[in-house]
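Inside the fold
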Amino acid sequence: MSIIDLFALLGGVGLFLFGMTIMSTGLRNACGDNLQTILEHATKNKFIAIFVGLGMTMLIQSSSATDVMVIGFVNSGMMSLSQAIGVIMGANIGTTITAQITAFNISAVTPLLLFVGAAMYLFMKKRIRKHIGSIIMGFGMLFQGIAIMKEAIAPLSESPAFVDFLTALSNPALALLFGVAFTALLQSSSSATVIFQAFAIQGLLSYNMAVYLVIGAAIGSVTPNLLASLTANRNGKRSAILNLLFNLIRAGIIIVLINVFPAILTWIQSLSPNDIGRQIANTHTIFAIIAVVIEIFFTKQIIALTYRIIPVKPEETRAEEARSLVYMTETTKIPTIVVLHQAQLEITRMGRMAAANLQDAIDCFFDYTAETAALVREREETVEILNQAISDRMVALRRFDLSKNHMRRMSMMTIATTDIERLSDHATNIIEYSEHLHAQKTVLSDEALAELREMTDKTMEAVNLSLDIFCSESYIQIDHLEDLESRVDDLQKILIDNHVDRLMRSECDPMSGVIFSDIVTDLERCSDHAINIAYALKERDNQII
């Protein structure tokens, strides 16, 4: 094999991988946010979850992308491991479709696909058409890359060194390990399997050797998920471990089956005789289906093993309890007025969490610690989950025959939950400001800090008072709240003006000055949300600011 052939092989691999990326990105962009919405709401049943994972992975041609989304949902608490395992199983079947597609020989029309795709991507103005163009262009690149690889690897059959290397892979254990390592390098089992197909079609790999490479590829495919889980919480890490366990058990099951019942491989070959590329694609798909059919009956055991590897800590239990509804546990068999009172208590509980988050974020701004910053972000996730859970229960109430007054009250509560959730969002903003100051090793002047102290105190007093009013519906202190909100508004203008003066006198670092302005704006908006919360249930027109 000459150096030119080597360059051609590397170029073909690069073009194939880039085509896969372009096609996958185009498919995701064309589908928009619908995939995440489907994934979020269609996983309550394990069998439905499998089909969701299968369909989604077929659409975006990337089981890693599906699994990373699953890690995100599990990480945020919006999906449990029992829901995640179904999607993971489906994704492992869906990812085999790429090899099925590439088993077709359409190299003759590849240049046309490249031209049509490029023309649509470059000259179409509508976004959806540009995305479709990138899909077609990626598809063309993928097949063109395969064609280049096939042509480049033909001389390898005459290379003694390469033949010796392949001879070593005739050992099933070595072939399995190579499949794991090669797929981990490419971070895609689909890409690895297609490359194995190309080598087999050129006569460089036997079918039996390719079988173990495919089994290894399934294990190596979890590498992107393990990497994505490094920045996730313990639950996110569990979803990556769950995927790894599924594929390790899958490899064990398949190895046992094909050694105890070797007729399985003979049967797969008989489905497409004289077409080793299709045989490998069928092997990839059938092995995935067999694994899902067997392992679906042992999901509880796999999840239990995951929890043994990453045990639940006491703080996780507390966080899970905090993210569960306490008052709105039963909404169908009790009077509407009682349900609405439960909702009021639940929203107040969520509000106290958001207020505590805002206070912790403010404390972190004045005295930064990474632990406090992490606590604020974790509590923000809790508030998000409670907000969604409360909203879902409120929407379910609309099915009942509610009076006009009850409907109005429920609507105003729903608006209040949005204001409360925004308080926690502002807390996250403040954490980002404090992290930036800490990273840049910049500080605010003593004068600026003193001014912020006054504004944060007034803001927190307004937020806590608004929650007291919302919960008790006693409006004796509403005038005091109005005064607090007015004072915060005045402080915003005063502090900004003072800040500009300090900048003019070069007494303030410009970058920290930007953060000063941002946090002042966040605090003023928090006081506005406090007024909205206090007035949410008051019988008065035009009460929402």
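Within every chain, residues take consecutive numbers counted from 1 along the sequence as written. pLDDT decides what is reported in this predicted model: residues at 70 or higher carry local features, side-chain atom pairs at 80 or more are listed and counted, and totals for whole chains, interfaces and linings draw on all residues regardless. To obtain the side-chain values, all non-hydrogen atoms of the structure were included, while hydrogens and water were left out.

1. Section: the environment of Glu435
Definition in use: Counting from the N terminus, the helices are the DSSP runs of H or I reaching at least four residues and the strands are the DSSP runs of E reaching at least two. Note on classification: 1.4 Å probe, protein chains only; a residue is buried when its accessible area is under 20% of the maximum for its type, exposed when over 50%, partly exposed between these limits. We call two residues contacting when some pair of their heavy atoms lies within 4.5 Å.
Inspection of the secondary structure assignment puts Glu435 in helix H21 (residues 404–440). Under the relative-accessibility criterion, Glu435 is labelled partly exposed at 24%. Residues Glu435 and Ala373 lie 62 residues apart in sequence; the distance between their C-alpha atoms is 8.2 Å. In this structure, Glu435 is in contact with Tyr368, Ala373 and Arg377, ignoring residues within four places of it in sequence.

2. Points about a nonpolar patch on the surface
Put simply, the rule is: Note on patches: the residues involved have over 30% relative accessible area and no salt bridge, like charges join within 9 Å, and the nonpolar side chains Val, Leu, Ile, Met, Phe, Trp and Tyr join within 5 Å. Accessible surface is estimated by sampling points in the Shrake-Rupley manner with a 1.4 Å probe; for residues, cover comes only from the protein chains shown. Put simply, a salt bridge is a Lys or Arg side-chain nitrogen that is within 4 Å of an Asp or Glu carboxyl oxygen.
Together, Ile3, Ile4, Leu6, Phe7 and Leu10 give the surface a local cluster of nonpolar side chains, amounting to about 510 Å² of exposed area. Take Ile3: it is sitting in helix H1 (residues 3–31). By relative accessible area, which is 49% here, Ile3 ends up partly exposed.

3. Re the nonpolar core
Note the cut-off: In this description, a nonpolar core means a group of buried Ala, Val, Leu, Ile, Met, Phe, Trp, Tyr and Cys residues linked to one another through side-chain atoms lying within 4.5 Å.
Within the largest apolar cluster, 65 residues are counted, with the highest numbers of intra-cluster contacts made by Leu358, Phe365, Met394, Ile430, Leu452 and Leu481. Every element with two or more residues in this core is listed here: helix H19 (336–366), helix H20 (370–397), H21, helix H22 (446–472), helix H23 (478–504) and helix H24 (510–535). Considering each element in turn, this core owes the most residues, 14 residues, to H19. Excluding anything up to four places from it in sequence, Ile430 contacts Leu358, Ala361, Ile362, Phe365, Ile519 and Leu523. Residues Ile195, Tyr212, Leu213 and Ile215 belong to the second largest nonpolar core, which totals 38 residues.

4. Describing the confidence of the model for the protein chain
Note the cut-off: Scored from 0 to 100, pLDDT records how confident the predictor is in each individual residue.
This prediction gives the protein chain a mean pLDDT of 82; 86% of its residues lie at or above 70. In this model residues 541–545 is a low-confidence stretch, pLDDT under 50, and it forms nine contacts with partners more than four residues away in sequence or in other chains.

5. Side note on the pattern of salt bridges
What the rule picks out here adds up to eight salt bridges. A salt bridge links Arg377 to Glu435, with the nearest nitrogen and oxygen atoms 2.7 Å apart. Here Arg377 is found in helix H20, whereas its partner Glu435 is found in helix H21, with 58 residues between them in sequence.

6. Details of empty space enclosed by the protein
Regions of empty space are outlined by a rolling probe, equal in size to a water molecule, passed over the atoms. For clarity, the threshold we go by: Any residue with an atom within 4 Å of a point lines the site, the site being either a cavity, points on a 1 Å grid over the protein atoms alone where a 1.4 Å probe fits but cannot get out, or a pocket, an open set with protein on both sides within 12 Å along at least 5 of 7 lines. Grid points are joined across faces, edges and corners, and a volume is the space filled by probe spheres set on the points.
Under the defined criterion, the tally for this structure stands at three cavities of 30 Å³ or more. Lining the second largest cavity, in full, are Val214, Ile215, Ala218, Arg250, Ala251, Ile254 and Phe287. If you list the elements that add at least two residues to the lining of the second largest cavity, you get helix H12 (207–220) and helix H14 (234–260).

7. A look at the packing of aromatic side chains
What counts is decided by this rule: Side-chain rings of Phe, Tyr and Trp, where Trp is taken by its six-membered ring, are said to pair if the distance between their centres is within 6.5 Å; with planes under 30 degrees apart they count as stacked, over 60 as edge-to-face, and otherwise as tilted. Distance and angle both matter: a charge sits over a ring if NZ of Lys or CZ of Arg is within 6 Å of the ring centre and within 35 degrees of the ring normal.
This model, assessed by the stated rule, comprises three aromatic pairs. With a centroid separation of 5.6 Å and an interplanar angle of 35°, the aromatic rings of Phe182 and Phe196 are classed as tilted. One end of the pair, Phe182, is in helix H10 (residues 172–186); the other, Phe196, is in helix H11 (residues 189–201), and 14 residues separate them in sequence. By relative accessible area, which is 3% here, Phe196 ends up buried. Among the aromatic side chains, those forming a connected cluster through ring pairs are Phe178, Phe182 and Phe196. In this structure, Lys130 packs its charged tip against the face of Tyr121, placed 5.0 Å from the ring centre. For the cation-ring pair, Lys538 lies above Tyr475, with the distance from its terminal atom to the ring centre recorded as 5.4 Å.

8. Digging into the packing of H19 against H22
Threshold: For every element, the axis is a line fit to its C-alpha atoms; helices are fit only across the contacting stretch, and the angle between N-to-C directions ranges from 0 to 180 degrees. Throughout this description, any angle smaller than 35 degrees is read as roughly parallel, any larger than 145 degrees as roughly antiparallel, any in the 65 to 115 degree range as roughly perpendicular, and the remainder as oblique. Asp, Glu, Lys and Arg are counted as charged, while Ala, Val, Leu, Ile, Met, Phe, Trp, Tyr, Cys and Pro are counted as nonpolar; the rest, among them Gly, fall into the polar class.
Direction vectors running N to C along H19 and H22 enclose 170°, while the axes themselves pass 10 Å from each other. Between H19 and H22, the interaxial angle falls into the category roughly antiparallel. Note on element contacts: H22 touches H19 through Leu449, Leu452, Arg453, Thr456, Met460, Val463, Asn464, Leu467, Asp468, Phe470 and Cys471, opposite Gln344, Ile347, Thr348, Gly351, Arg352, Ala355, Leu358, Gln359, Ile362, Phe365 and Phe366. When the residues that make up the contact of H19 with H22 are grouped by side-chain class, the tally is 13 nonpolar, six polar and three charged.

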